[in-house]
Amino acid sequence: MVPDNTIPAKDWHQSVSPDLRQHLVQKIVQIISRTVHISTYQDSTMINLVAYAEKVECDVYKAASSKEEYYQLLADKIQKELEENNPFLL
């Protein structure tokens, strides 16, 4: 995950812990792949997927104006990802 010191702080950021952010990254990975197992994190495809999920989360974290908007933007991004790349999962 991108270090917090590179992200301009917003008041609501204090209400989202690094653990919660990492949990949400893992959820993004699970939703996109639907088959996440700890052992597959060494696979280059999974490493790329985790990096992508971290970038998505960081971009949303920086863009959102509130915790509620953060959650909504993440949900929208996940939905878009599912529609574009995994239409059979909907």
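Look up a bit, the structure's there.
Notes on the structure follow. Given the structure is predicted, the values throughout are model-derived calculations rather than measurements.

1. A word on the overall build of the protein chain
Here's step 1: If you tally the helices and strands in the protein chain, you get three helices and zero strands.
Here's step 2: In sequence order, the secondary structure elements of the protein chain are arranged as α-α-α.
Here's step 3: Here the protein chain holds 90 residues, and the buried ones make up 29% of them.
Here's step 4: Of all intrachain contacts in the protein chain linking residues separated by at least 6 positions in sequence, the fraction that spans at least 24 positions is 58%.
Here's step 5: Here the protein chain has roughly 5,800 Å² of accessible surface; of this, 54% comes from carbon and sulfur atoms.

2. A word on empty space enclosed by the protein
Here's step 1: This model, assessed by the stated rule, comprises one cavity of 30 Å³ or more.
Here's step 2: Around the largest cavity, the lining residues are Ile28, Ile32, Tyr52, Val56, Lys77, Ile78 and Glu81.
Here's step 3: At the level of secondary structure, the elements contributing two or more residues to the lining of the largest cavity comprise helix H1 (18–33), helix H2 (44–63) and helix H3 (67–85).
Here's step 4: Broken down by class, the residue content of the lining of the largest cavity amounts to five nonpolar, no polar and two charged.

3. Section: H2
In an α-helix, one turn spans 3.6 residues, which is why side chains three or four residues apart end up on the same side.
Here's step 1: Given a rise of 1.5 Å per residue, 20 residues ought to cover 28 Å, and the 29 Å separating the end C-alpha atoms of H2 matches this to within 8%.
Here's step 2: Buried within H2 we find Met46, Leu49, Val50, Ala53, Val56, Glu57, Cys58, Val60 and Tyr61.

4. Here we look at the packing of aromatic side chains
Here's step 1: In this structure the tally under the stated criterion is four aromatic pairs.
Here's step 2: Pairing Trp12 with Tyr61 gives two aromatic rings, centres 5.3 Å apart and planes at 65 degrees, and the pair type is edge-to-face. Of the two residues, Trp12 is situated in the segment before H1 and Tyr61 in helix H2; the sequence distance between them amounts to 49 residues.
Here's step 3: With a relative accessible area of 10%, Trp12 lands in the buried category.
Here's step 4: Take Tyr61: its relative accessible area is 4%, and that puts it in the buried class.
Here's step 5: For the pair Tyr70 and Tyr71, a centre-to-centre distance of 5.6 Å together with 50 degrees between the ring planes defines the contact as tilted.
Here's step 6: The exposure class of Tyr71 is partly exposed, given its relative accessible area of 36%.
Here's step 7: Grouping aromatic residues by their ring pairs yields a cluster made of Trp12, Tyr61, Tyr70 and Tyr71.
Here's step 8: The ring of Tyr61 is capped by Arg21, whose NZ or CZ atom sits 3.6 Å from the centre of that ring.

Calculation rules
Residues numbered from 1 in each chain as written. Predicted model: local features only at pLDDT ≥ 70, side-chain atom pairs only at ≥ 80, totals over all residues. Heavy atoms only, no water. Helix = DSSP H or I, 4+ residues; strand = E, 2+ residues; numbered from the N terminus. Buried < 20%, exposed > 50% of the residue type's maximum accessible area, 1.4 Å probe, protein only. Contact = heavy atoms within 4.5 Å. Areas by Shrake-Rupley, 256 points an atom, 1.4 Å probe, with all protein chains shown as cover. 1 Å grid on protein atoms, 1.4 Å probe; cavity = no way out; pocket = protein on both sides within 12 Å on 5 of 7 lines; lining within 4 Å. Points joined across faces, edges and corners; volume = space filled by probe spheres on them. Nonpolar A, V, L, I, M, F, W, Y, C, P; charged D, E, K, R; others polar. Expected span 1.5 Å × (residues − 1). Phe/Tyr/Trp six-rings, centres within 6.5 Å; stacked < 30°, edge-to-face > 60°. Lys NZ or Arg CZ within 6 Å of the ring centre and 35° of its normal.

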